[in-house]
Amino acid sequence: MSLYFRTGLAAVVELMVLFLIGGLAPFSEKSGKQSVSETLCGGFLIYYALLEITVLPLTMARVSLYVILCIWAAELAVLCASSVVLHYRGFFRELSVHAKRYRFAAVELALIIIAAAAAVVSVMLPSGRDISGTIAQMTTDIYHDSAGLINGFFGEVLTSVPTSGLLNRFHVSGEFYAVLFDIPCLTQMKIVQQLLTVILSFLISHRIFFRLTGGKRVPSAIATIMLAAVQFTSRTPYSSADQLLRTGWTGNGIMTGVLLPSVLLLLLALYDDPDRRQLHVLGMCAGIAAVSLSRTSIYLFPLALTAGIIPLVLSRREPGLIMHALLWMVIPVSAVVLCVLHPSVSLL
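Residues numbered from 1 in each chain as written. Predicted model: local features only at pLDDT ≥ 70, side-chain atom pairs only at ≥ 80, totals over all residues. Heavy atoms only, no water.

## Things to note about the packing of helix 11 (residues 251-272) against helix 13 (residues 295-316)
Here is step 1 of the chain: As a packed pair, helix 11 and helix 13 sit with axes 10 Å apart at the nearest point and diverge in direction by 20°. The orientation of helix 11 with respect to helix 13, classified from their angle, is roughly parallel. Relative to helix 13, helix 11 is oriented so that their crossing is right-handed. Residues Asn252, Met255, Leu259, Leu260, Val263, Leu267, Leu270 and Tyr271 of helix 11 lie in contact with helix 13, whose contacting residues are Thr296, Ser297, Leu300, Phe301, Ala304, Leu305, Gly308, Ile309, Leu312, Ser315 and Arg316.
Here is step 2 of the chain: Taken together, the residues of the contact of helix 11 with helix 13 sort by class into 13 nonpolar, five polar and one charged. (Axes fitted to C-alpha atoms, helices over the stretch in contact; angles between N-to-C directions. Helix = DSSP H or I, 4+ residues; strand = E, 2+ residues; numbered from the N terminus. Parallel < 35°, antiparallel > 145°, perpendicular 65-115°, else oblique. Left-handed = near helix turned anticlockwise from the far one by under 90°. Contact = heavy atoms within 4.5 Å. Nonpolar A, V, L, I, M, F, W, Y, C, P; charged D, E, K, R; others polar.)

As C-alpha coordinates, then:
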(Lines give C-alpha, C1' and ligand atoms only; values in the text may rest on other atoms or scores of the structure.)
Protein backbone atom coordinates (compact mmCIF):
# COMPACT_ATOMS: atom_id res chain seq x y z
CA MET A 1 0.00 0.00 0.00
CA SER A 2 1.66 3.23 -1.13
CA LEU A 3 2.16 6.26 1.09
CA TYR A 4 -0.13 8.32 -1.18
CA PHE A 5 -2.97 5.86 -0.74
CA ARG A 6 -2.50 5.66 3.05
CA THR A 7 -2.44 9.45 3.30
CA GLY A 8 -5.67 9.79 1.32
CA LEU A 9 -7.27 7.01 3.35
CA ALA A 10 -6.30 8.78 6.59
CA ALA A 11 -8.05 11.96 5.40
CA VAL A 12 -11.21 10.10 4.39
CA VAL A 13 -11.38 8.09 7.62
CA GLU A 14 -10.85 11.16 9.80
CA LEU A 15 -13.59 13.02 7.93
CA MET A 16 -15.96 10.06 8.32
CA VAL A 17 -15.21 9.82 12.04
CA LEU A 18 -16.06 13.50 12.52
CA PHE A 19 -19.29 13.05 10.56
CA LEU A 20 -20.43 10.02 12.55
CA ILE A 21 -19.58 11.59 15.89
CA GLY A 22 -21.40 14.76 14.87
CA GLY A 23 -24.56 12.70 14.48
CA LEU A 24 -24.66 12.32 18.27
CA ALA A 25 -25.57 16.00 18.69
CA PRO A 26 -27.01 17.37 15.43
CA PHE A 27 -27.69 21.08 15.15
CA SER A 28 -31.23 20.29 14.02
CA GLU A 29 -33.37 17.17 13.65
CA LYS A 30 -36.21 18.83 11.76
CA SER A 31 -36.98 17.32 8.39
CA GLY A 32 -35.01 19.06 5.66
CA LYS A 33 -32.93 21.06 8.15
CA GLN A 34 -30.11 18.54 8.54
CA SER A 35 -26.71 19.60 7.25
CA VAL A 36 -23.54 17.67 6.50
CA SER A 37 -21.48 20.79 7.22
CA GLU A 38 -23.04 21.36 10.63
CA THR A 39 -22.72 17.67 11.45
CA LEU A 40 -18.99 17.81 10.71
CA CYS A 41 -18.74 20.96 12.82
CA GLY A 42 -20.43 19.24 15.75
CA GLY A 43 -18.22 16.19 15.27
CA PHE A 44 -15.12 18.38 15.37
CA LEU A 45 -16.15 19.95 18.68
CA ILE A 46 -17.03 16.64 20.34
CA TYR A 47 -13.89 14.97 18.96
CA TYR A 48 -11.39 17.47 20.35
CA ALA A 49 -13.26 17.91 23.64
CA LEU A 50 -13.22 14.16 24.26
CA LEU A 51 -9.58 13.98 23.16
CA GLU A 52 -8.64 16.55 25.83
CA ILE A 53 -10.69 14.83 28.52
CA THR A 54 -9.12 11.46 27.68
CA VAL A 55 -5.48 12.30 26.99
CA LEU A 56 -4.71 14.97 29.61
CA PRO A 57 -5.21 12.81 32.74
CA LEU A 58 -3.49 9.83 31.07
CA THR A 59 -0.52 12.03 30.21
CA MET A 60 -0.27 13.30 33.78
CA ALA A 61 -0.45 9.69 34.98
CA ARG A 62 2.55 8.95 32.69
CA VAL A 63 0.66 6.31 30.72
CA SER A 64 2.50 5.15 27.60
CA LEU A 65 1.45 6.55 24.24
CA TYR A 66 0.53 3.12 22.88
CA VAL A 67 -1.97 2.56 25.71
CA ILE A 68 -3.39 6.07 25.25
CA LEU A 69 -3.90 5.48 21.52
CA CYS A 70 -5.59 2.11 22.20
CA ILE A 71 -7.98 3.75 24.66
CA TRP A 72 -8.65 6.55 22.17
CA ALA A 73 -9.34 4.05 19.37
CA ALA A 74 -11.82 2.20 21.59
CA GLU A 75 -13.62 5.44 22.48
CA LEU A 76 -13.90 6.45 18.83
CA ALA A 77 -15.26 3.02 17.92
CA VAL A 78 -17.89 3.22 20.67
CA LEU A 79 -18.89 6.76 19.68
CA CYS A 80 -19.21 5.96 15.98
CA ALA A 81 -21.14 2.75 16.62
CA SER A 82 -23.45 4.48 19.12
CA SER A 83 -24.12 7.29 16.67
CA VAL A 84 -25.10 4.88 13.90
CA VAL A 85 -27.25 2.69 16.16
CA LEU A 86 -29.04 5.54 17.93
CA HIS A 87 -29.59 7.84 14.98
CA TYR A 88 -29.65 5.74 11.83
CA ARG A 89 -33.44 5.58 11.56
CA GLY A 90 -33.82 9.25 12.36
CA PHE A 91 -31.10 11.78 11.65
CA PHE A 92 -28.91 9.84 9.21
CA ARG A 93 -31.86 8.54 7.19
CA GLU A 94 -33.38 12.02 6.96
CA LEU A 95 -30.01 13.43 5.92
CA SER A 96 -29.63 10.75 3.27
CA VAL A 97 -33.07 11.47 1.81
CA HIS A 98 -32.34 15.21 1.82
CA ALA A 99 -28.97 14.65 0.09
CA LYS A 100 -30.55 12.55 -2.68
CA ARG A 101 -33.06 15.30 -3.45
CA TYR A 102 -30.48 18.08 -3.31
CA ARG A 103 -29.61 19.79 -6.59
CA PHE A 104 -26.49 21.94 -6.65
CA ALA A 105 -26.71 25.41 -8.15
CA ALA A 106 -23.87 26.55 -10.43
CA VAL A 107 -22.51 28.94 -7.81
CA GLU A 108 -22.48 26.13 -5.22
CA LEU A 109 -20.44 23.94 -7.57
CA ALA A 110 -18.06 26.88 -8.04
CA LEU A 111 -17.72 27.14 -4.26
CA ILE A 112 -16.85 23.44 -4.01
CA ILE A 113 -14.15 23.84 -6.68
CA ILE A 114 -12.73 26.92 -4.95
CA ALA A 115 -12.67 25.18 -1.56
CA ALA A 116 -10.91 22.13 -3.03
CA ALA A 117 -8.40 24.33 -4.85
CA ALA A 118 -7.68 26.34 -1.70
CA ALA A 119 -7.11 23.12 0.26
CA VAL A 120 -4.68 21.78 -2.34
CA VAL A 121 -2.81 25.09 -2.63
CA SER A 122 -2.52 25.32 1.16
CA VAL A 123 -0.72 21.97 1.22
CA MET A 124 1.86 23.20 -1.28
CA LEU A 125 2.53 26.53 0.45
CA PRO A 126 5.45 26.77 2.89
CA SER A 127 4.34 26.88 6.49
CA GLY A 128 5.72 30.34 7.12
CA ARG A 129 6.90 29.39 10.62
CA ASP A 130 9.19 26.89 12.31
CA ILE A 131 7.32 23.60 12.22
CA SER A 132 10.08 21.55 13.77
CA GLY A 133 8.84 21.85 17.36
CA THR A 134 5.48 20.08 17.06
CA ILE A 135 6.65 17.55 14.48
CA ALA A 136 9.79 16.73 16.47
CA GLN A 137 7.72 16.21 19.61
CA MET A 138 5.22 13.98 17.81
CA THR A 139 7.99 11.90 16.24
CA THR A 140 9.76 11.59 19.60
CA ASP A 141 6.52 10.56 21.32
CA ILE A 142 5.95 7.76 18.82
CA TYR A 143 9.58 6.60 18.87
CA HIS A 144 9.81 6.51 22.69
CA ASP A 145 6.17 5.50 23.30
CA SER A 146 5.74 8.59 25.45
CA ALA A 147 2.98 11.21 25.63
CA GLY A 148 5.01 14.41 25.59
CA LEU A 149 7.25 13.48 28.52
CA ILE A 150 10.51 13.45 26.52
CA ASN A 151 12.10 16.51 24.92
CA GLY A 152 11.56 16.41 21.16
CA PHE A 153 14.95 17.95 20.31
CA PHE A 154 17.36 16.44 22.84
CA GLY A 155 15.66 13.21 23.92
CA GLU A 156 15.83 14.12 27.61
CA VAL A 157 13.16 13.00 30.07
CA LEU A 158 11.31 16.17 31.07
CA THR A 159 11.05 17.11 34.73
CA SER A 160 8.59 19.95 34.10
CA VAL A 161 6.58 21.38 31.21
CA PRO A 162 4.75 24.67 30.60
CA THR A 163 1.18 24.41 31.82
CA SER A 164 -0.21 25.50 28.46
CA GLY A 165 1.93 22.89 26.70
CA LEU A 166 0.58 20.18 28.96
CA LEU A 167 -3.00 21.28 28.36
CA ASN A 168 -2.64 21.44 24.56
CA ARG A 169 -3.16 17.80 23.54
CA PHE A 170 -4.60 18.22 20.03
CA HIS A 171 -1.48 16.77 18.35
CA VAL A 172 -2.17 13.35 19.90
CA SER A 173 -4.90 12.99 17.27
CA GLY A 174 -2.22 13.41 14.61
CA GLU A 175 -0.07 10.79 16.33
CA PHE A 176 -3.03 8.42 16.36
CA TYR A 177 -3.61 8.63 12.61
CA ALA A 178 0.13 8.59 11.89
CA VAL A 179 0.46 5.30 13.77
CA LEU A 180 -2.80 3.85 12.46
CA PHE A 181 -1.95 4.42 8.79
CA ASP A 182 1.85 4.24 9.12
CA ILE A 183 2.49 7.68 7.68
CA PRO A 184 5.11 10.26 8.81
CA CYS A 185 3.94 12.84 11.35
CA LEU A 186 4.83 15.65 8.94
CA THR A 187 2.64 14.05 6.26
CA GLN A 188 -0.25 13.62 8.67
CA MET A 189 -0.17 17.20 9.89
CA LYS A 190 0.96 19.18 6.84
CA ILE A 191 -1.25 17.30 4.37
CA VAL A 192 -4.12 15.48 6.10
CA GLN A 193 -4.78 17.94 8.92
CA GLN A 194 -4.17 20.93 6.66
CA LEU A 195 -6.67 19.67 4.09
CA LEU A 196 -9.32 18.97 6.72
CA THR A 197 -8.88 22.37 8.38
CA VAL A 198 -9.34 24.30 5.12
CA ILE A 199 -12.32 22.18 4.04
CA LEU A 200 -14.04 22.51 7.42
CA SER A 201 -13.38 26.25 7.41
CA PHE A 202 -15.16 26.66 4.06
CA LEU A 203 -18.08 24.44 5.09
CA ILE A 204 -18.65 26.27 8.37
CA SER A 205 -18.33 29.70 6.73
CA HIS A 206 -20.96 28.67 4.18
CA ARG A 207 -23.36 27.55 6.91
CA ILE A 208 -22.84 30.84 8.75
CA PHE A 209 -23.90 32.79 5.66
CA PHE A 210 -26.70 30.29 5.05
CA ARG A 211 -28.20 31.11 8.44
CA LEU A 212 -27.55 34.85 8.07
CA THR A 213 -29.40 34.93 4.74
CA GLY A 214 -32.40 33.06 6.12
CA GLY A 215 -31.61 29.76 4.41
CA LYS A 216 -31.03 31.12 0.89
CA ARG A 217 -28.57 28.85 -0.88
CA VAL A 218 -27.32 31.00 -3.75
CA PRO A 219 -26.70 34.21 -1.75
CA SER A 220 -24.89 32.23 0.96
CA ALA A 221 -22.63 30.56 -1.61
CA ILE A 222 -21.87 33.91 -3.28
CA ALA A 223 -21.09 35.47 0.11
CA THR A 224 -18.69 32.64 0.95
CA ILE A 225 -16.88 33.02 -2.37
CA MET A 226 -16.62 36.78 -1.86
CA LEU A 227 -15.26 36.28 1.67
CA ALA A 228 -12.63 33.86 0.36
CA ALA A 229 -11.69 36.26 -2.43
CA VAL A 230 -11.25 39.18 -0.04
CA GLN A 231 -9.32 37.15 2.50
CA PHE A 232 -6.97 35.45 0.07
CA THR A 233 -6.22 38.51 -2.07
CA SER A 234 -5.57 40.82 0.86
CA ARG A 235 -3.85 38.42 3.24
CA THR A 236 -0.76 39.42 5.17
CA PRO A 237 1.58 37.30 7.33
CA TYR A 238 -0.61 38.23 10.30
CA SER A 239 -4.07 37.71 8.79
CA SER A 240 -6.39 34.82 9.57
CA ALA A 241 -6.43 33.76 5.91
CA ASP A 242 -2.65 33.44 5.83
CA GLN A 243 -2.71 31.47 9.05
CA LEU A 244 -5.34 29.15 7.59
CA LEU A 245 -3.46 28.55 4.34
CA ARG A 246 0.03 28.22 5.76
CA THR A 247 -0.45 26.83 9.28
CA GLY A 248 -3.91 25.30 9.22
CA TRP A 249 -2.52 22.14 10.79
CA THR A 250 -1.32 23.92 13.95
CA GLY A 251 -3.41 24.64 17.03
CA ASN A 252 -3.67 28.34 16.22
CA GLY A 253 -4.54 27.56 12.61
CA ILE A 254 -7.34 25.20 13.65
CA MET A 255 -8.55 27.80 16.14
CA THR A 256 -8.85 30.60 13.58
CA GLY A 257 -10.11 28.43 10.73
CA VAL A 258 -12.53 26.11 12.53
CA LEU A 259 -13.05 26.68 16.25
CA LEU A 260 -13.97 30.38 16.28
CA PRO A 261 -16.26 30.10 13.21
CA SER A 262 -17.87 27.11 14.95
CA VAL A 263 -18.67 29.32 17.94
CA LEU A 264 -20.34 31.86 15.65
CA LEU A 265 -22.32 29.11 13.94
CA LEU A 266 -23.45 27.77 17.33
CA LEU A 267 -24.63 31.23 18.38
CA LEU A 268 -26.60 31.63 15.14
CA ALA A 269 -28.17 28.21 15.69
CA LEU A 270 -29.09 29.26 19.24
CA TYR A 271 -30.77 32.36 17.86
CA ASP A 272 -33.10 30.09 15.87
CA ASP A 273 -33.54 27.48 18.62
CA PRO A 274 -32.33 28.74 22.03
CA ASP A 275 -33.81 25.80 23.96
CA ARG A 276 -32.05 23.01 22.02
CA ARG A 277 -29.93 21.14 24.57
CA GLN A 278 -27.59 19.65 21.99
CA LEU A 279 -26.37 23.12 21.08
CA HIS A 280 -25.50 23.88 24.68
CA VAL A 281 -23.63 20.57 24.93
CA LEU A 282 -21.67 21.48 21.80
CA GLY A 283 -20.92 24.89 23.34
CA MET A 284 -19.33 23.24 26.36
CA CYS A 285 -17.41 20.94 24.01
CA ALA A 286 -16.15 24.03 22.17
CA GLY A 287 -14.74 25.41 25.43
CA ILE A 288 -12.89 22.18 26.17
CA ALA A 289 -11.68 21.91 22.56
CA ALA A 290 -10.25 25.43 22.86
CA VAL A 291 -8.05 24.25 25.73
CA SER A 292 -6.70 21.39 23.62
CA LEU A 293 -5.53 23.58 20.72
CA SER A 294 -3.14 26.30 21.89
CA ARG A 295 -2.30 28.84 24.57
CA THR A 296 -3.79 31.59 22.39
CA SER A 297 -6.99 29.58 22.02
CA ILE A 298 -7.31 29.25 25.80
CA TYR A 299 -7.18 33.02 26.26
CA LEU A 300 -9.16 33.99 23.16
CA PHE A 301 -12.17 31.67 23.51
CA PRO A 302 -13.77 33.46 26.51
CA LEU A 303 -13.31 36.83 24.80
CA ALA A 304 -14.80 35.61 21.51
CA LEU A 305 -17.76 34.00 23.26
CA THR A 306 -18.44 37.13 25.31
CA ALA A 307 -18.39 39.28 22.17
CA GLY A 308 -20.86 36.92 20.50
CA ILE A 309 -23.25 36.15 23.34
CA ILE A 310 -24.05 39.78 24.23
CA PRO A 311 -25.71 40.63 20.86
CA LEU A 312 -27.53 37.27 20.99
CA VAL A 313 -28.98 37.95 24.44
CA LEU A 314 -30.00 41.49 23.49
CA SER A 315 -31.65 40.42 20.22
CA ARG A 316 -33.46 37.40 21.68
CA ARG A 317 -34.15 39.11 25.02
CA GLU A 318 -33.35 35.91 26.85
CA PRO A 319 -30.92 36.64 29.69
CA GLY A 320 -30.89 32.95 30.58
CA LEU A 321 -28.49 32.40 27.69
CA ILE A 322 -25.82 34.20 29.72
CA MET A 323 -25.82 31.35 32.24
CA HIS A 324 -25.29 28.84 29.45
CA ALA A 325 -22.42 30.93 28.07
CA LEU A 326 -20.82 31.00 31.52
CA LEU A 327 -20.96 27.21 31.59
CA TRP A 328 -19.25 27.13 28.19
CA MET A 329 -16.44 29.23 29.65
CA VAL A 330 -15.85 27.31 32.89
CA ILE A 331 -13.12 25.06 31.51
CA PRO A 332 -11.20 27.63 29.39
CA VAL A 333 -11.36 30.26 32.16
CA SER A 334 -10.09 27.68 34.65
CA ALA A 335 -7.26 26.91 32.22
CA VAL A 336 -6.42 30.62 31.98
CA VAL A 337 -6.23 30.90 35.77
CA LEU A 338 -4.09 27.77 35.94
CA CYS A 339 -1.68 29.08 33.31
CA VAL A 340 -1.33 32.41 35.14
CA LEU A 341 -0.92 30.99 38.65
CA HIS A 342 1.18 27.97 37.68
CA PRO A 343 3.18 28.69 34.49
CA SER A 344 4.85 25.27 34.67
CA VAL A 345 3.94 21.82 35.97
CA SER A 346 6.39 19.43 37.61
CA LEU A 347 6.42 15.88 36.22
CA LEU A 348 8.43 14.41 39.10
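## What about helix 14 (residues 320-341)?
Here is step 1 of the chain: Look at helix 14: 31 Å from first C-alpha to last across 22 residues, which is about the 32 Å you get at 1.5 Å a residue.
Here is step 2 of the chain: At Val330, helix 14 is deflected by roughly 45°, the largest bend along its length, and proline Pro332 occurs up to four residues later in sequence.
Here is step 3 of the chain: Among all positions of helix 14, only Leu321, Ala325, Trp328, Met329, Pro332, Ala335, Val336 and Cys339 are buried.
Here is step 4 of the chain: Residues of helix 14 that are buried make contact with helix 6 (163-167), helix 11, helix 12 (277-293) and helix 13. (Expected span 1.5 Å × (residues − 1). Bend = angle between axes of the 7 residues up to and from the residue. Buried < 20%, exposed > 50% of the residue type's maximum accessible area, 1.4 Å probe, protein only.)

## Some words on the environment of Leu195
Here is step 1 of the chain: Structurally, the position occupied by Leu195 is in helix 8 (residues 185-212).
Here is step 2 of the chain: By relative accessible area, which is 23% here, Leu195 ends up partly exposed.
Here is step 3 of the chain: Taking the C-alpha atoms as reference, Leu195 lies 9.4 Å from Leu245; in sequence the two are 50 residues apart.

## A look at helix 10 (residues 240-247)
Here is step 1 of the chain: Every buried residue of helix 10 is accounted for by Ala241, Asp242, Leu244, Leu245 and Thr247.
Here is step 2 of the chain: Buried-residue contacts for helix 10 involve helix 4 (106-124), helix 8, helix 9 (217-233) and helix 11.

## Examining the environment of Arg6
Here is step 1 of the chain: The topology assignment puts Arg6 in helix 1 (residues 3-22).
Here is step 2 of the chain: Take Arg6: its relative accessible area is 17%, and that puts it in the buried class.
Here is step 3 of the chain: Separated by 205 residues in the primary sequence, Arg6 and Arg211 place their C-alpha atoms 37 Å from one another.
Here is step 4 of the chain: A polar contact of 2.9 Å, which involves the side chain of Arg6, links it to the backbone oxygen of Phe181. (Polar contact = N/O pair within 3.5 Å; in protein donor to acceptor, adjacent residues only side chain to side chain.)

## A look at the confidence of the model for the chain
Here is step 1 of the chain: A residue-level look at the chain finds 93% of positions with pLDDT of 70 or above and a mean pLDDT of 87.
Here is step 2 of the chain: Taking the mean pLDDT of every element in the chain, the minimum, 79, falls on strand 2 (residues 344-346) and the maximum, 94, on helix 7 (residues 171-180). (pLDDT = per-residue confidence, 0-100.)

## Looking at unusual backbone geometry
Here is step 1 of the chain: Here the phi dihedral of Asp145 falls at roughly 55°; this positive angle occurs in a residue that is not glycine.
Here is step 2 of the chain: With respect to the helices and strands, Asp145 occurs in the loop between helix 5 (132-144) and strand 1 (160-162).
Here is step 3 of the chain: Among the residues examined, Asp145 registers a relative accessible area of 35% and is labelled partly exposed.
Here is step 4 of the chain: Positive phi values are uncommon outside glycine, yet Asp182 reaches one of about 55°.

## Brief notes about the nonpolar core
Here is step 1 of the chain: In terms of nonpolar packing, the biggest core is built from 73 residues, with Leu45, Tyr47 and Leu259 touching the most fellow members.
Here is step 2 of the chain: Every residue in contact with Tyr47, bar those within four places of it in the chain, is listed here: Val17, Leu18, Ile21, Trp72, Leu76, Ser173 and Tyr177.
Here is step 3 of the chain: Leu56, Leu158, Leu167 and Cys339 belong to the second largest nonpolar core, which has 12 residues in total. (Core = buried A, V, L, I, M, F, W, Y, C linked by side-chain atoms within 4.5 Å.)

## Examining the pattern of salt bridges
Two side chains carrying opposite charge are able to pair once their charged atoms lie near each other.
Here is step 1 of the chain: For the structure on display, the rule yields five salt bridges.
Here is step 2 of the chain: One salt bridge in this structure joins Arg217 and Glu108, with 2.7 Å as the shortest N-O distance. Residue Arg217 is located in helix 9, and its partner Glu108 is located in helix 4; the two are separated by 109 residues in the primary sequence.
Here is step 3 of the chain: Accessibility expressed as a relative area gives 29% for Arg217, which makes it partly exposed.
Here is step 4 of the chain: Across the pair Asp272 and Arg211 runs a salt bridge whose closest N-O atoms are separated by 2.8 Å. Taken together, the residues span a long stretch of sequence, with Asp272 in helix 11 and Arg211 in helix 8 at a distance of 61 residues.
Here is step 5 of the chain: Classification of Asp272 by relative accessible area gives partly exposed; the value is 48%.
Here is step 6 of the chain: Linked by salt bridges that have partners in common, Glu38, Arg207, Arg211 and Asp272 make up one network. (Salt bridge = Lys/Arg side-chain N within 4 Å of Asp/Glu carboxyl O.)

## Notes on the packing of aromatic side chains
The relation between two aromatic rings is expressed through the spacing of the ring centres and the mutual angle of the planes.
Here is step 1 of the chain: Here the structure, examined in full by the defined rule, presents six aromatic pairs.
Here is step 2 of the chain: Plain terms: the ring middles of Phe44 and Tyr48 are 5.0 Å apart, the flat faces sit at 55° to each other, and that makes the pair tilted. With a gap of four residues between them, Phe44 and Tyr48 both fall in helix 2 (residues 36-60), about one helical turn apart. Taken as a pair, Phe44 and Tyr48 share a single burial class, namely buried.
Here is step 3 of the chain: When the ring of Tyr177 is compared with that of Phe181, the centres are 6.3 Å apart and the planes differ by 5°; the resulting orientation is stacked. For the pair Tyr177 and Phe181, one class covers both residues: buried.
Here is step 4 of the chain: Three or more aromatic residues joined by ring pairs make a cluster, and in this case those are Phe44, Tyr47, Tyr48 and Trp72. (Phe/Tyr/Trp six-rings, centres within 6.5 Å; stacked < 30°, edge-to-face > 60°.)

## With respect to a nonpolar patch on the surface
Here is step 1 of the chain: Taken together, the side chains of Met284, Leu327, Val330 and Ile331 make up a nonpolar region of the molecular surface, amounting to roughly 320 Å² of accessible area.
Here is step 2 of the chain: With three residues, helix 14 is the largest single contributor of residues to the nonpolar patch.
Here is step 3 of the chain: Along the chain, the position of Ile331 falls in helix 14. (Patch = residues over 30% accessible without salt bridge, like charges linked within 9 Å, V, L, I, M, F, W, Y side chains within 5 Å. Areas by Shrake-Rupley, 256 points an atom, 1.4 Å probe, with all protein chains shown as cover.)

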